[in-house]
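Structural overview for review
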Amino acid sequence: IGIATPESIAVELQVELSKTKEQLQSEIAQRCSLELALIKTENELERRVQEATADLVKTNKLLQRKICDRIATEAQLLQTTCELQELFEAFPDIYFRLNNDGTIISCQAREASNLYLPLEEFLGKRMQDVLPPDVAKEFEQAILQVQQTDSLVAIEYSLPILDGGEKTFEARLLRLIQHQIIVIVRNITERKQAQEALQKAKNELEIRVKERTCELRNTNDRLRQ
């Protein structure tokens, strides 16, 4: 008839206690499972962090090595550039660097007296446009020949120079990388003068030999008579 007795209350409490116990056991199992998953995740994260750290350390060492190599390369390049600059400053010849169309990119000359024009008037202009027509034509043909043959081309020409008079030069043209042309111009005036003097002496000697031979022939004819 629904009357609560100590026994019925005890039974109900036992049932509720069993349910609560089961819920607690389920929650504990879930919590343990979550803690295990968390520990596993933490271990996995720790492993990944260690691997990433090792990779970063390795990459950092590699970058440091590359930076050291680059610094050493730049230092060596700077030293080489300084040496080349010193070499060009001591270079007795005139140095031109041209584009494919003959435009002068840079110029180096130890003695300005060997230049046809002041140095600043060469830069940014075509070699064919700053030289006399006959010499400009020779340079134009030489530049074209260098582009076609990709080999050394040499020409000789004479120019009036800044300090007056006329000098004879030899220009050697050679193709560089990046579609550029290097031109080394050497003053050969003294050599040409020596060659001309030698040729003149040779011609005079030949004339004198012919004259002497003629005299000997005449003398021989007279002796025979």
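Here, every reference points to the structure presented above.
Overview of the structure. (Residues numbered from 1 in each chain as written. Predicted model: local features only at pLDDT ≥ 70, side-chain atom pairs only at ≥ 80, totals over all residues. Heavy atoms only, no water.)

With that settled, consider the overall build of the chain. Summing up its helical and strand segments, the chain has four helices and five strands in all. The order of α-helices and β-strands along the chain, N terminus first, is α-β-β-α-α-β-β-β-α. Relative to its length of 225 residues, the chain is extended, with a C-alpha radius of gyration of 48 Å against a globular reference of 17 Å. Here the C-alpha coordinates of the chain stretch approximately 185 × 45 × 35 Å along the principal axes. Split into buried and exposed, the 225 residues of the chain put 19% on the buried side. Long-range pairs, those at least 24 residues apart, make up 38% of the contacts in the chain between residues at least 6 apart in sequence. (Helix = DSSP H or I, 4+ residues; strand = E, 2+ residues; numbered from the N terminus. Rg over C-alpha atoms; globule rule 2.2 N^0.38 Å. Buried < 20%, exposed > 50% of the residue type's maximum accessible area, 1.4 Å probe, protein only. Contact = heavy atoms within 4.5 Å.)

Moving on to the sheet that holds strand β1 (residues 94–98). Strand order in the open sheet formed by five strands is β2-β1-β5-β4-β3, with antiparallel pairing between adjacent strands. Of all strands in the sheet, those with a lone pairing partner are β2 (104–109) and β3 (153–160), marking the two edges. The average undirected angle you get between the axes of adjacent strands in this sheet is 20°. Pairing between β1 and β2: five bridges, direction antiparallel. Note on β2: the bridge partner recorded for Tyr95 is Gln108. Packed onto the sheet, helix α3 (residues 133–149) meets β1, β3, β4 (166–175) and β5 (181–187) and runs at close to 165° relative to β3. Running at roughly 115° to β4, helix α4 (residues 189–224) makes contact with β3, β4 and β5 of the sheet. (Pairing = 2+ DSSP bridges. Axes fitted to C-alpha atoms, helices over the stretch in contact; angles between N-to-C directions.)

Turning next to the nonpolar core. By size, the foremost hydrophobic cluster in this structure holds 28 residues, and its most contacted members are Phe96, Phe139, Tyr157, Leu173 and Val183. Those elements giving two or more residues to this core turn out to be β1, β2, α2 (127–130), α3, β3, β4 and β5. Here the element with the most residues in this core is α3; it accounts for six residues. Not counting chain neighbours up to four residues away, the residues in contact with Leu173 comprise Phe139, Ala142, Ile143, Val146, Ser151, Leu152, Val153, Ile181, Ile182 and Val183. (Core = buried A, V, L, I, M, F, W, Y, C linked by side-chain atoms within 4.5 Å.)

Turning to the side chain of Thr168, a few remarks are in order. Along the polypeptide, Thr168 turns up in strand β4. Among the polar contacts made by the side chain of Thr168, one reaches the side chain of Ser158 at a distance of 3.3 Å. (Polar contact = N/O pair within 3.5 Å; in protein donor to acceptor, adjacent residues only side chain to side chain.)

Bringing the packing of aromatic side chains into the picture now. The tally for this structure, following the rule as stated, stands at two aromatic pairs. Judged by centre distance (5.3 Å) and plane angle (65°), the rings of Phe139 and Tyr157 are edge-to-face. Here Tyr157 lies in strand β3 and Phe139 lies in helix α3, a separation of 18 residues in the sequence. We classify Phe139 as buried; its relative accessible area is 1%. Aromatic rings pair up to connect Phe139, Tyr157 and Phe169 into one cluster. (Phe/Tyr/Trp six-rings, centres within 6.5 Å; stacked < 30°, edge-to-face > 60°.)

Among the surface-exposed residues, Leu63, Ile67 and Ile71 lie close enough to one another that they form a single nonpolar patch of about 290 Å² accessible area. Relative to the helices and strands, Leu63 is located in helix α1 (residues 6–90). (Patch = residues over 30% accessible without salt bridge, like charges linked within 9 Å, V, L, I, M, F, W, Y side chains within 5 Å. Areas by Shrake-Rupley, 256 points an atom, 1.4 Å probe, with all protein chains shown as cover. Salt bridge = Lys/Arg side-chain N within 4 Å of Asp/Glu carboxyl O.)

Here the focus is the pattern of salt bridges. Here the structure, examined in full by the defined rule, presents eight salt bridges. The partner of Arg47 in a salt bridge is Glu44, and the shortest N-O contact between them spans 2.3 Å. Note that Arg47 and Glu44 are positioned in helix α1 at a spacing of three residues, about one turn of the helix. When its relative accessible area of 28% is taken as the criterion, Glu44 is described as partly exposed. A salt bridge links Glu215 to Arg212, with the nearest nitrogen and oxygen atoms 3.3 Å apart.

On to the pairing of β1. Within β1, four of the five residues are buried, leaving the element largely enclosed by the surrounding structure. Between the antiparallel neighbours β1 and β2 lie five residues, among them Gly102 with a positive phi of about 95°.

As a further point, take unusual backbone geometry. The phi torsion at Asp150 lies on the positive side, around 55°, for a residue other than glycine. Structurally, Asp150 is set in the loop between α3 and β3.

What follows covers the side chain of Thr103. Relative to the helices and strands, Thr103 resides in the loop between β1 and β2. The residues touching Thr103, leaving out its near neighbours within four places in the chain, are Arg97, Leu98, Gly124, Lys125 and Arg126.

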